[in-house]
Amino acid sequence: MPKIAMPRIGVLTSGGDAPGMNTALYAFTKLAARRGVQTVGFVGGYEGLMANRRQILTPRDVDTISNLGGTILGSARSERFRTVEGRAQAAANLADLDALVVIGGNGSLAGARRLGEESGVCVVGIPASIDNDIACTSNAIGVDTALNTIVGACDRISDTARAHRRVFVVEVMGRHCGYLAMASSVASGADACLYRESGKTDAERVAELKEIISKGLDPTRGKQRILIIKAEGVRMGTQELCETLQSYVDQELPGVSVRATVLGHLVRGGQPSYQDRALAGRLAFQALELAMAGTGGVMLGWQPWDTQGGTPTPDAAVWHYPLSLVESRTESLLDGSHPTTKRRVQMMENIAGVLAV
Ligand code: F6P
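Position numbers for residues start from 1 in each chain and track the written sequence from start to end. In keeping with the model being predicted, local features are shown solely for residues with a pLDDT of at least 70 and side-chain atom pairs are shown and tallied solely at 80 or more, while totals for entire chains, interfaces and linings include all residues. Side-chain metrics in this entry use all non-hydrogen atoms of the structure; hydrogen atoms and water are not considered.

Some words on the packing of helix 1 (residues 21-34) against helix 10 (residues 274-293)
Axis angle and axis distance: for two packed helices, these are the angle between their axes and the distance between the axes, and together they describe the pair.
Next up, step 1: All axes here are fitted lines through C-alpha atoms, helices being fitted over the stretch that makes contact, and every angle between N-to-C directions spans 0 to 180 degrees. In DSSP terms, a helix is any run of H or I states spanning at least four residues, a strand is any run of E spanning at least two, and both are numbered starting from the N terminus. It is at 8 Å that the axes of helix 1 and helix 10 come closest, and there the two elements cross at 40°. Of the possible angle classes, the one that applies to helix 1 and helix 10 is oblique. You can see that helix 1 and helix 10 cross each other, and the crossing is right-handed. Between helix 1, through Thr23, Ala24, Ala27, Phe28, Leu31 and Ala32, and helix 10, the contact on the second element is made entirely by Arg277, Ala280, Gly281, Ala284, Phe285, Ala287 and Leu288.
Next up, step 2: Among the residues forming the contact of helix 1 with helix 10, the class breakdown is ten nonpolar, two polar and one charged. In these notes the angle categories are as follows: under 35 degrees is roughly parallel, over 145 is roughly antiparallel, 65 to 115 is roughly perpendicular, and the rest is oblique. With the far helix as reference, a near helix turned anticlockwise by less than a right angle produces a left-handed crossing, and one turned clockwise produces a right-handed crossing. Throughout, a contact is declared for two residues whenever any of their heavy atoms are within 4.5 Å. Side-chain classes are defined by residue name, with Ala, Val, Leu, Ile, Met, Phe, Trp, Tyr, Cys and Pro counting as nonpolar, Asp, Glu, Lys and Arg as charged, and the others, Gly among them, as polar.

This is how it looks when you write it as structure tokens:
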């Protein structure tokens, strides 16, 4: 029998912060209050949960946070939560609560699954990670804002690059997943995109880039800039790549310089976009519904249509998935065997020749 009401639900943000986490906290707290449910925030992710560092969240506390980047609850990457003992401590601190909502990336969601399975706590996950490396959701919270930031940065870099007819390498976050590099290279009109999932060797990548640079800067083509977007997860370092390309252009195109910008954590901050705010609100609403119904061990996903075996929610584009399924599908997303990764790679291969034309 589903429970009629739940007086207290815990919430935490975990892993790499993502723009829109605060919007999710805002929406969750306000919706919960309206239902007579108290929101209990844990400060500092799973570390804060294990230490029982609590902060009651009222609608007044969250009034002004929905447009803020980062997370007002703080976040952490916790080694101790990876242990059975750490999770038992966390479960003990949840004894007076009815459910826990975890807003975070794939590691955090894997931890949420174990916590739920080992303790019986009702745990509901909301995917939030700029990397878009979580299966069973088209977008995680934060991805859209991160892409807007990257595209804006690439536009600016293109201005200065064109003024000097330079080659620029822009490195973007994505330790295990090249999605940000792929999507932003299309939207920025980049000449090339380097991402781990292509499986290319460094030598192959460099050979392709040399050709792209020579063709693009050839006077008959007369491009004013070459923009190469590189995912952080590509083994060859950005510095090493630039030096290699610089020695090539020194010989082939004297006077041209190669510069690099590593966007790094710049991409993780900033005000959430409309898309991320809307997504955060919709996922938070359904997370509350599930938590109140006592449906745990699941993650909400945003999918215009579902191909992953999800369970529908009253929101046509929001589904829920067992956390165990999310975990195994995420593994295949990252090792390249998931159809989504294959599609991403295929799309990039299809347009590779177009990017540089
Ligand atoms: O949030 C994921 C991520 O953005 C990765 O792309 C990046 O490698 C990592 O976070 C950096 O994490 P940290 O801030 O812990 O160094």
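Back to the write-up after that little detour.
Some words on the side chain of lysine 223
Next up, step 1: Here lysine 223 lies in the loop between helix 8 (202-217) and strand 8 (226-231).
Next up, step 2: Not counting the four nearest positions on each side in its chain, lysine 223 is found in contact with Arg165, Asp191, Gly216, Leu217, Leu355, Ala356 and Val357.

Examining the site of the ligand
Next up, step 1: Every residue near the ligand is listed here: Gly16, Arg77, Ile130, Asp131, Met173, Gly174, Arg175, Glu232, His265 and Arg268.
Next up, step 2: Residues adjacent in sequence count toward polar contacts only when both atoms are side-chain atoms; beyond that, a polar contact is any pair of N or O atoms within 3.5 Å, and within protein one must be able to donate a hydrogen and the other to accept it. The separation between an oxygen atom of the ligand and a polar side-chain atom of aspartate 131 is 2.8 Å.
Next up, step 3: Residues that form the shell around the ligand fall into these classes: two nonpolar, three polar and five charged.
Next up, step 4: Two domains each donate at least three residues to the shell around the ligand, and these are domain 1 (8-142 + 272-341) and domain 2 (146-269). Here a residue is considered near a molecule or strand provided that any single heavy atom belonging to it is located within 4 Å of it. Per the annotation, domain bounds derive from an automatic or database assignment of domains.

Notes on the domain arrangement of the protein
Next up, step 1: Assigned domains within the protein: domain 1 (8-142 + 272-341) and domain 2 (146-269).
Next up, step 2: Taking only C-alpha atoms into account, the centre of domain 1 sits 34 Å from that of domain 2.
Next up, step 3: Between domain 1 and domain 2, the contact holds 13 residues from the first and 14 residues from the second.
Next up, step 4: Overall, the association of domain 1 and domain 2 removes approximately 1100 Å² of surface from exposure, summing both partners, and the carbon and sulfur fraction of that is 52%.
Next up, step 5: Basic side-chain nitrogens of Lys or Arg form a salt bridge, by our definition, when they fall within 4 Å of a carboxyl oxygen of Asp or Glu. Viewed at the interface, domain 2 and domain 1 are joined by one salt bridge.
Next up, step 6: Of the charged contacts, one joins arginine 268 and aspartate 17 as a salt bridge, the two residues approaching to 3.3 Å between their closest N and O atoms.
Next up, step 7: At the boundary of domain 1 and domain 2, one finds three residue pairs in polar contact (both at pLDDT 80 or more). By convention, the term buried area covers the 1.4 Å-probe accessible surface removed from two parts as they join, with the contributions of both added.

What to know about the packing of aromatic side chains
Centre distance and the angle of the planes are the two values used to describe a pair of aromatic rings.
Next up, step 1: Here the aromatic set is Phe, Tyr and Trp, taking the six-membered ring for Trp, and pairing holds for ring centres within 6.5 Å; pairs whose planes are under 30 degrees apart are stacked, those over 60 apart are edge-to-face, and all others are tilted. Considering all chains together, one arrives at one aromatic pair under this definition.
Next up, step 2: Relative to phenylalanine 81, the ring of tyrosine 46 lies with its centre 3.6 Å away and its plane at 5°, an arrangement referred to as stacked. On the criterion of sequence distance, the pair formed by tyrosine 46 in helix 2 (residues 45-50) and phenylalanine 81 in the loop between helix 3 (59-62) and helix 4 (84-92) is long-range, its members being 35 residues apart. Here tyrosine 46 matches phenylalanine 81 in class, with each residue buried. Each residue is assigned to one of three classes by its accessible area relative to the maximum for its type, calculated with a 1.4 Å probe on protein chains only: buried under 20%, partly exposed between the two thresholds, exposed over 50%.

A closer look at unusual backbone geometry
Next up, step 1: Its identity as a non-glycine residue notwithstanding, cysteine 136 has a phi of 70°, on the positive side.
Next up, step 2: In this structure, cysteine 136 sits in the loop between strand 5 (123-127) and helix 6 (143-164).
Next up, step 3: If you check the backbone angles, arginine 165 has positive phi at about 50° while not being a glycine.

Examining the packing of helix 5 (residues 106-119) against helix 11 (residues 323-335)
Next up, step 1: The contact between helix 5 and helix 11 brings their axes to 9 Å, and the two run at 150°. Handedness of the crossing formed by helix 5 with helix 11: left-handed. Contacts between helix 5 and helix 11 involve Asn106, Leu109, Ala110, Ala112, Arg113 and Arg114 from the former and Leu323, Ser324, Glu327, Thr330 and Leu334 from the latter.
Next up, step 2: Of the residues in the contact of helix 5 with helix 11, the class split is five nonpolar, three polar and three charged.

A short note on the environment of alanine 95
Next up, step 1: On the secondary structure map, alanine 95 appears in the loop between helix 4 and strand 4 (99-104).
Next up, step 2: Spatially, the C-alpha atom of alanine 95 lies 9.9 Å from that of serine 119, the residues being 24 residues apart in sequence.

Description of the side chain of serine 108
Next up, step 1: Examined against the element boundaries, serine 108 turns out to sit in helix 5.
Next up, step 2: Sequence-distant contacts of serine 108, that is, excluding residues within four places in its chain, are made with Ser14, Gly15, Tyr46 and Val102.

Details of the pairing of strand 6 (residues 167-172)
Next up, step 1: Within strand 6, six of the six residues are buried, which leaves the element mostly enclosed by the surrounding structure.
Next up, step 2: The alternating pattern of strand 6 places Val167, Val169 and Glu171 and Phe168, Val170 and Val172 on opposite faces, both of which are buried.
Next up, step 3: With five bridges connecting them, strand 6 and strand 9 (residues 258-262) associate as parallel partners. From the neighbouring strand, phenylalanine 168 faces strand 9, where its bridge partner is arginine 259. Pairing between strands is defined by DSSP: at least two bridges between them are needed.

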